[in-house]
Amino acid sequence: MLPEFLSRTAKTKEEALSYITGLEDVKVLAGGTDLIVRMRKGEAYKHLVDVMEVPEMKGISCDEEGFKIGATTTHNRLSNSQFIKMNARSLSLACGLIGSPQIRNMGTIGGNLINASPAADTIPPLLVHDAVLTLESKGGERKEELEDFIIAPYKTSMKSDELLTFIHIKRKRFKDYREGYKRVTKRAALAISRLSVAWAIHEYEGLFHDVRLAIGSCTPMPFRPRIVEEFLKGNKKEEQIIIESVKMILEEIKRITGDRPSFIYKIPVLKDLLENILRG
Amino acid sequence: MVTIDFTLNGKRVTVDVNDNETLLFTLREKLSIKSVKEGCSIGECGTCTVLIDDETHYSCLTLSSKVTGRDVKTVEYLGNIIELHPLQEAFISCGAVQCGYCTPGMLLSAYSLLLKNKDPQDEEIKRAISGNLCRCTGYIQIIEAIRYAAGILKQNC
């Protein structure tokens, strides 16, 4: 049984914001694949506001700068979208690997971000794409980079009166980039990523032109090894450079996280994964 | 308490539900749909699977209020004891049923797949049932049954 609460279903964004501001001890519900599980374990709120019926928070649309994804768009919809396949291949792949068909039909991209798990599958691809979030409240809206939004494992900068409404990707397509997402899990389905890497790499005449990497499940928050990305820029695509740069990434991870028992396994696996990704 | 209205297996139903009530509870305890089972209660085992607008969902994680105005299907929609659905026939003839606890959920995942994909490859079948666990380890027979049913359904249309 779930703890007792009162639930409201918002039909518009304004209605959702009114509930969030007006009600006491309130939590936003989207797909429920994380929240309801936690509530079964005892997490309790006085009120839930279901935002899945808010039409403007669903779907993918183009804008002047690039495109935006409504926060309650499901993983299934994102993984099946031809547009996402074309313009954010790593995100498409990641969404297709989450949980199970049922989880992908229910769970949303916004929920995955707010849950802010170090192993969240949608975060590394969105970091590669420099995603920006829109957070709305009664008082107005603000934009924040995803990289700044997640402040600790399972913790975001979202305030209690705010609603995550959109995820923006500025640049439409990484043209001539090779882009992907790979993860290591204990089994194929219904698994939490033990390691994950999203990448978008542009090479030109044997040189790395732009390398974007995001690594999940290794550090408290998925991260971009910016120093290494910078190091690779304009550098030759040679075995020695690849090995050197991966070594730098692994050292950076150890610096951030400290030594962990799981690293006996994770570090060698990540090393091979990253080297193979850079080799292409 | 709120009154919700939805289509269940092709018929309109109206039922009073508590705010914190799951669809699993409403179906089993208020609408006598006992084919929908409670297993893990955390969205992993799939025995509570239902179709909402023909897509598979875990009813243990779905608040009943979410299905207002929607189309909900359980295995009762597929067939009955007199006239089984070709998928159900195939599950029997291929030996895909052992204890039967996962079967209603498995059938719904298979049915949802065949709605979208008339001729699925084995990998697509495996992916479609990856959210449904069978602890009698009948996966091979289940995959065979779905493949067999797909063939029968294709002949029929």
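Residues numbered from 1 in each chain as written. Chains lettered and ligands numbered in written order. Predicted model: local features only at pLDDT ≥ 70, side-chain atom pairs only at ≥ 80, totals over all residues. Heavy atoms only, no water.

Bringing the interface of chain A and chain B into the picture now. Taken together, the contacts link 30 residues of chain A with 28 residues of chain B. Carbon and sulfur atoms supply 53% of the area buried between chain A and chain B, which totals about 2,300 Å² over both sides. Of all residues in chain A, Arg40(A), Gln102(A) and Met106(A) bury the most surface against chain B, accounting for 26% of the area lost on that side. Remark: the boundary between chain A and chain B carries two salt bridges. The tally of links between chain A and chain B comes to 13 residue pairs in polar contact (both at pLDDT 80 or more). Listing elements by their share of the side of chain A that touches chain B, those giving two or more residues are strand E1 (6–9), helix H2 (35–40), strand E3 (47–50) and helix H6 (101–106) of chain A. Of all the elements, H6(A) adds the most residues to the side of chain A that touches chain B, at six residues. (Contact = heavy atoms within 4.5 Å. Buried area = accessible area lost by both parts, 1.4 Å probe. Salt bridge = Lys/Arg side-chain N within 4 Å of Asp/Glu carboxyl O. Polar contact = N/O pair within 3.5 Å; in protein donor to acceptor, adjacent residues only side chain to side chain. Helix = DSSP H or I, 4+ residues; strand = E, 2+ residues; numbered from the N terminus.)

Okay, the sheet that holds strand E4 (residues 55–58) of chain B next. Residue and element names in this part refer to chain B. Strand order in the open sheet formed by five strands is E2-E1-E5-E3-E4, with mixed pairing between adjacent strands. Each edge of the sheet is formed by a strand with only one pairing partner; in this case those strands are strand E2 (11–17) and E4. Between one strand and the next, the sheet's axes are offset by a mean angle of 40°, whatever the strand orientation. Those strands touched by helix H1 (residues 23–30) are strand E1 (2–8), E2 and strand E3 (49–52), and its axis lies near 105° from that of E2. (Pairing = 2+ DSSP bridges. Axes fitted to C-alpha atoms, helices over the stretch in contact; angles between N-to-C directions.)

Moving on: the domain arrangement of chain A. Residues and elements named next belong to chain A. Split into domains, chain A comes out as domain 1 (6–50), domain 2 (60–169) and domain 3 (194–279). For domain 1 and domain 2, the distance between their C-alpha centres works out to 19 Å. Taken together, the twelve residues of domain 1 in the interface contact 15 residues of domain 2. Applying the counting rule to domain 1 against domain 2 returns one salt bridge. Here Glu136 and Lys13 are joined by a salt bridge, their closest N and O atoms 3.2 Å apart. Taken together, domain 1 and domain 2 are joined by four residue pairs in polar contact (both at pLDDT 80 or more). Broken down by element, the residue count for the side of domain 1 that touches domain 2 peaks at six residues, all from helix H1 (residues 13–22). Counted by class, the side of domain 1 that touches domain 2 contains five nonpolar, four polar and three charged residues. (Domains from an automatic or database assignment. Nonpolar A, V, L, I, M, F, W, Y, C, P; charged D, E, K, R; others polar.)

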